[in-house]
Amino acid sequence: MHKLIKNNVTWVGKMDWELTSFHGADYSVNNGSSQNAYLIKEGKNVLIDTVWGPHADGFVENLQQEIDLEKIDLIVINHGETDHTGALPKLMERIPNVPIYCTANAVKSLTGQYHHPEWNFNVVKTGDSIDIGNGKSLVFVEMRMLHWPDSMATYMTGDNILFSNDAFGQHLAVEELWADLADPCTLWEEAIKYYANILNPFSPLVKRKIDEVLALNLPIDIIATSHGAIWRDNPAQIVEAYYKWSQAYQEDQITIAYDSMWQGTEKIAHRIAAEVAAQSPSTRVKLFNIATTDKNDIMTQVFKSKAIAVGSPTVHQGILSSVSGWLEFLKELKFKGKKAAVFGCYGWSGEGNQVLRDGLTEAGFAVVAPEIKCSWNPLPHELDRARELAAALLE
Ligand code: FEO
């Protein structure tokens, strides 16, 4: 069913309430999501993006309730990833000659995925535009590495809509479409989770791109994302949030993440949490067991933190596999300007803390000197070292 965005622009996407994970199982989806696609019916009829492959049949069926498919003059593909293009092959079976406007890199990603080099590709770059009639046009802005090399945004003049694709989105199903109608706590938590887990590695580019787009002085009434809520009430609010998040973002928060074999390392984790709270009552403290907590949710809290403490017992001269896998993900996300401390128990050789130290340094954290390393079960005086460790993180 279509939903009106503005004037002759409608939403023709998929409200994906049942989605529970994204990027395979790499991103947890707890509140549904959507793949937003848009139909513009002006002098020219334009489809902006499609939906994920499993929803292709429903997408094409719904689309033809809106428009005779033969009357679609062009398709804009802002980004080749399959959640936005999976329905394209099904649609192209029906309208094989329709022009597809996309970046040069999107030609590569679409051809690589769907093996149709014969599709009528029209390569666009920043500043190119198409007159769609009625005094309106589409202007393209390349968004290279936000978050793929093929990404772009499309701006519609006249209606002042920025079709931003993945940028400014959230994995959140909002049946009523608009950000101002969504539950604000969930909306912002999903928006920051999306930024921390998908866009943070590209933060320097986010800042530069926002500066570039702001310099164009385009009036923007609506930011029509490709996932989740669409921003119409002060759409600048999400741009301002991205600007802030892109610059080594941190709040007065410390996150403690650990795994434990026989509760020794767990005891240290809890003592560190108590010490941070005692030394700095205004600092928000979060504590997670890495093995039993969703990794994306922990990373969101790491993103908000000014410092973290990471713990694992020594096992096989290394650390628990739950923690080593988590550290790999941490490295990918390229957080900046944060401190870290390490802790853990050991029975025999005791390499764990050094492995954690090396991993966190590689992940870009400034690892503080104080650490807690306990042979067997922590003794009270060993737990007391949490004072020094907490002080170093808070300093
Ligand atoms: Fe929503 Fe990069 O795909």
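These figures come from a predicted structure and were not determined experimentally. (Residues numbered from 1 in each chain as written. Predicted model: local features only at pLDDT ≥ 70, side-chain atom pairs only at ≥ 80, totals over all residues. Heavy atoms only, no water.)

Description of the pairing of strand β7 (residues 38–41)
With three bridges joining them, strand β2 (residues 9–11) and β7 adopt antiparallel strand pairing. Across the sheet, residue Val-9 finds its bridge partner in β7, namely Ile-40. Strand direction decides the pairing type here: β7 and strand β8 (residues 45–48), joined by four bridges, are antiparallel. If you follow Lys-41 over to β8, its bridge partner there is Asn-45. (Pairing = 2+ DSSP bridges. Helix = DSSP H or I, 4+ residues; strand = E, 2+ residues; numbered from the N terminus.)

Quick word on unusual backbone geometry
For the bond from Leu-146 to His-147, the omega torsion is 5°, close enough to zero to count as cis. Positionally, His-147 belongs in the loop between β13 (136–142) and β14 (152–156). Phi at His-23 takes a positive value of approximately 55°, unusual for a residue other than glycine. Secondary-structure assignment places His-23 in the loop between β4 (21–22) and β5 (27–28).

Structural notes on the layout of surface pockets
In this structure, the largest pocket occupies an estimated 360 Å³ of space. Taken together, 21 residues line the largest pocket, and the ones lying closest to its centre are Leu-162, Val-213, Leu-214, Ile-220 and Val-239. Elements that contribute at least two residues to the lining of the largest pocket include exactly α6 (203–215) and α7 (236–245). The dominant element in the lining of the largest pocket, judged by the number of residues it contributes, is α6, at five residues. Residues belonging to the lining of the largest pocket are distributed by class as follows: 19 nonpolar, one polar and one charged. What the second largest pocket holds in volume is close to 300 Å³. In terms of lining residues, the second largest pocket is bounded by 16 residues, among which Trp-262, Pro-313, Cys-345, Tyr-346 and Gly-347 are the most central. Going through the elements one at a time, α8 (264–279), β20 (314–315) and β22 (339–346) are the ones with two or more residues in the lining of the second largest pocket. Classifying every residue of the lining of the second largest pocket by side-chain character gives eight nonpolar, eight polar and no charged. (1 Å grid on protein atoms, 1.4 Å probe; cavity = no way out; pocket = protein on both sides within 12 Å on 5 of 7 lines; lining within 4 Å. Points joined across faces, edges and corners; volume = space filled by probe spheres on them. Nonpolar A, V, L, I, M, F, W, Y, C, P; charged D, E, K, R; others polar.)

Digging into the side chain of Asn-78
Along the chain, Asn-78 falls in the loop between β9 (74–76) and α2 (82–85). Of the residues examined, Asn-78 reaches a relative accessible area of 0% and is grouped as buried. A polar side-chain atom of Asn-78 sits 2.7 Å from a polar atom in the side chain of Thr-154. Filtering out sequence-adjacent residues up to four positions away, Asn-78 remains in contact with Ile-48, Asp-49, Asp-150, Ser-151, Met-152, Ala-153, Thr-154, Phe-163 and Asn-165. (Buried < 20%, exposed > 50% of the residue type's maximum accessible area, 1.4 Å probe, protein only. Polar contact = N/O pair within 3.5 Å; in protein donor to acceptor, adjacent residues only side chain to side chain. Contact = heavy atoms within 4.5 Å.)

Describing the packing of aromatic side chains
Applying the stated criterion across every chain yields a total of 14 aromatic pairs. Judged by centre distance (5.7 Å) and plane angle (35°), the rings of Tyr-195 and Phe-303 are tilted. Taken together, the positions of Tyr-195 in helix α5 (residues 184–199) and Phe-303 in helix α9 (residues 295–304) put the pair 108 residues apart, joining distant regions of the chain. Aromatic side chains Tyr-249 and Phe-303 sit 5.4 Å apart centroid to centroid with 35° between the ring planes, which places their arrangement in the tilted category. Highlighted residues: Tyr-249 in the loop between α7 and β17 (253–258) and Phe-303 in helix α9, separated in sequence by 54 residues. Note on accessibility: Tyr-249 and Phe-303 belong to one class, buried. Here the aromatic cluster, defined as three or more aromatic residues joined through ring pairs, consists of Phe-168, Trp-188, Tyr-195, Trp-231, Tyr-242, Trp-245, Tyr-249, Phe-303 and Phe-335. Looking at Lys-3, its charged tip hangs above the ring of Trp-11, at a distance of 5.6 Å from the centre. Here Lys-295 stacks its cationic end above the ring of Phe-329, 5.3 Å away from the centre of that ring. (Phe/Tyr/Trp six-rings, centres within 6.5 Å; stacked < 30°, edge-to-face > 60°. Lys NZ or Arg CZ within 6 Å of the ring centre and 35° of its normal.)

Points about the packing of α9 against helix α10 (residues 321–333)
One can describe the packing of α9 onto α10 by two numbers: an axis separation of 11 Å at closest approach and a directional angle of 50°. By the criterion of interaxial angle, the relationship of α9 to α10 is oblique. Judged by the sense of rotation from one axis to the other, the crossing of α9 with α10 is right-handed. Along the contact surface, α9 presents Lys-295, Asn-296, Ile-298, Met-299 and Val-302, while α10 presents Trp-326, Phe-329, Leu-330 and Leu-333. Each residue belonging to the contact of α9 with α10 can be placed in one class, and the counts come to seven nonpolar, one polar and one charged. (Axes fitted to C-alpha atoms, helices over the stretch in contact; angles between N-to-C directions. Parallel < 35°, antiparallel > 145°, perpendicular 65-115°, else oblique. Left-handed = near helix turned anticlockwise from the far one by under 90°.)

Details of the domain arrangement of the protein
The assigned domain composition of the protein is domain 1 (3–245) and domain 2 (253–394). For domain 1 and domain 2, the distance between their C-alpha centres works out to 39 Å. In this assembly, 14 residues from domain 1 lie in contact with 14 residues from domain 2. Of the roughly 1200 Å² buried where domain 1 meets domain 2, counting both sides, 49% is carbon and sulfur surface. Ionic pairing is found between Asp-297 and Lys-193, a salt bridge with its closest N-O pair at 3.5 Å. Mapped onto the side of domain 1 that touches domain 2, the elements with two or more residues apiece are β5 and α5. Looking at the side of domain 1 that touches domain 2, the element that brings in the most residues is α5, giving six residues. (Domains from an automatic or database assignment. Buried area = accessible area lost by both parts, 1.4 Å probe. Salt bridge = Lys/Arg side-chain N within 4 Å of Asp/Glu carboxyl O.)

Let's talk about the nonpolar core
Core analysis: the biggest nonpolar cluster contains 61 residues, and Ile-238, Tyr-242, Trp-245, Trp-326, Leu-330 and Leu-360 have the highest contact counts within it. Here the element with the most residues in this core is α5; it accounts for eight residues. Counting contributing residues per domain, this core is built from domain 1 (3–245) and domain 2 (253–394), each supplying no fewer than three. The residues touching Leu-360, leaving out its near neighbours within four places in the chain, are Ile-308, Val-310, Leu-327, Leu-330, Ala-340, Ala-341, Val-342, Phe-365 and Val-367. By size, the runner-up hydrophobic cluster in this structure holds 28 residues, among which are Val-12, Ile-72, Ile-95 and Cys-102. (Core = buried A, V, L, I, M, F, W, Y, C linked by side-chain atoms within 4.5 Å.)

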